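Structural features, examined
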Amino acid sequence: MMTWNTTHVSSSDDVDEVTVSLILFGIVCSLSVAGIGLAIFFMTFNIRYRRNRIVKMSSPNLNVIMQFGAIVLYACPVLFGIEGVGRASDNVLAGFCQARVWCLAIGFTLVYGTIFSKSWRVHTIFKSAGVKRTVKTYFSMHFVDNMATFTLVSFHRTDDGTLLTNRKCYKQ
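Residues numbered from 1 in each chain as written. Predicted model: local features only at pLDDT ≥ 70, side-chain atom pairs only at ≥ 80, totals over all residues. Heavy atoms only, no water.

What about the overall build of the protein?
How we decide: The secondary structure listing takes helices from DSSP runs of H or I that are at least 4 residues long and strands from runs of E that are at least 2 residues long, numbered from the N terminus. Each residue's exposure class comes from its accessible area (1.4 Å probe, protein chains only) as a fraction of the maximum for that residue type: buried when under 20%, exposed when over 50%, partly exposed otherwise. Contacts between residues were defined by any pair of non-hydrogen atoms, one from each residue, lying within 4.5 Å. Calculation of accessible area relied on Shrake-Rupley with a 1.4 Å probe; when residues are assessed, cover is drawn exclusively from the protein chains displayed.
The helix and strand tally for the protein stands at five helices and two strands. Mapped from its N terminus to its C terminus, the protein presents α and β elements in the order α-α-α-α-α-β-β. Taken over 172 residues, the protein has a buried fraction of 26%. Sequence-distant contacts in the protein: of pairs separated by 6 or more residues, those separated by 24 or more amount to 71%. As displayed, the protein offers around 12500 Å² of accessible surface, 65% of which is attributable to carbon and sulfur atoms.

Put into structure tokens, the structure is as follows:
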């Protein structure tokens, strides 16, 4: 059993406020916007050339799901930095606190669930190397859809404890 050898009790007053300069926030936001633009470019490329043999082999439907997840993740730095910039009401900031948790969870699930699904497809194809085997894309898409639905349901059913205290987001 571990014990903590101190008599000091931590409180919310002990939390140091960490701020980011407006210039750094602008640079990070511009890089995020550039990433969103690049993801949209790749998404339109996948949709436009989905009949091409090489693009078809890379599962363009799964690529679009992955790029949508990347767009959601690229929006996260803006949500994380927005609480220190400007003046907004507490209700708006509480919404940002919840939105950044949801964006991280959904974006991560879409990107890495799609990568996992594509890895599973490659494993299934090369596992039976002697037999001509194809894996339908709709099964992989249902897998990623089920993962995202599970994430949504689990976040909806549990209270994550994010509080807005003194205009800062804290975990309870």
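Focus: helix H1 (residues 22–48)
Definition in use: A helix is expected to span 1.5 Å multiplied by its residue count minus one.
Along its 27 residues, H1 runs 38 Å from first to last C-alpha, staying within 8% of the 39 Å computed at 1.5 Å per residue. Every buried residue of H1 is accounted for by Phe-25, Cys-29, Ser-32, Gly-35, Ala-39, Met-43 and Asn-46. Tucked inside the fold, the buried residues of H1 contact helix H2 (53–57) and helix H3 (60–81).

Describing the packing of aromatic side chains
Here is the rule we go by: When two rings of Phe, Tyr or Trp (its six-membered ring) have centres within 6.5 Å they constitute a pair, described as stacked for plane angles under 30 degrees, edge-to-face for angles over 60, and tilted for the intermediate range.
In total, this model carries three aromatic pairs according to the counting rule given. A centroid spacing of 5.5 Å and a plane angle of 55° characterise the contact between Phe-41 and Phe-42, whose relative ring orientation is tilted. We classify Phe-41 as partly exposed; its relative accessible area is 47%. With 4.9 Å between their ring centres and 50° between their planes, Phe-45 and Tyr-49 make a pair best called tilted.

Re H3
The terminal C-alpha atoms of H3 lie 33 Å apart, and with 22 residues this matches the ideal 32 Å at 1.5 Å per residue to within 8%. Buried within H3 we find Pro-60, Leu-62, Asn-63, Val-64, Gln-67, Gly-69, Ile-71, Val-72, Cys-76 and Leu-79.

Topic: the environment of Thr-44
With respect to the helices, strands and loops of the structure, Thr-44 is situated in helix H1. Assessed through its relative accessible area of 44%, Thr-44 is described here as partly exposed. Spatially, the C-alpha atoms of Thr-44 and Val-64 are 8.6 Å apart, while their sequence positions differ by 20 residues.

A look at unusual backbone geometry
You will see that Ser-59, though not glycine, has its phi angle at about 60°, which is positive. Here Ser-59 shows up in the loop between H2 and H3.

Some words on the packing of H1 against H3
The condition is simple: Interaxial angle, 0 to 180 degrees, is taken between N-to-C directions of lines fitted to C-alpha atoms, where a helix line uses only the stretch in contact. Convention used here: angles under 35 degrees read as roughly parallel, angles over 145 as roughly antiparallel, angles from 65 to 115 as roughly perpendicular, and any remaining angle as oblique. Crossing handedness is defined as follows: a turn of the near helix away from the far one that is anticlockwise and smaller than a right angle gives a left-handed crossing, while the clockwise case is right-handed. Think of it as three bins: nonpolar holds Ala, Val, Leu, Ile, Met, Phe, Trp, Tyr, Cys and Pro, charged holds Asp, Glu, Lys and Arg, and polar takes everything else, Gly as well.
Where H1 contacts H3, the axes come no closer than 9 Å and their chain directions differ by 165°. Considered as vectors, H1 and H3 are oriented roughly antiparallel to each other. The two elements H1 and H3 meet at a crossing, and its hand is left-handed. Residues Phe-25, Val-28, Cys-29, Ser-32, Gly-35, Ile-36, Ala-39, Ile-40, Phe-42, Met-43, Asn-46 and Ile-47 of H1 form the contact with H3, whose participating residues are Pro-60, Asn-63, Val-64, Gln-67, Phe-68, Ile-71, Tyr-74, Ala-75, Pro-77, Val-78 and Gly-81. Considered class by class, the residues forming the contact of H1 with H3 number 17 nonpolar, six polar and no charged.

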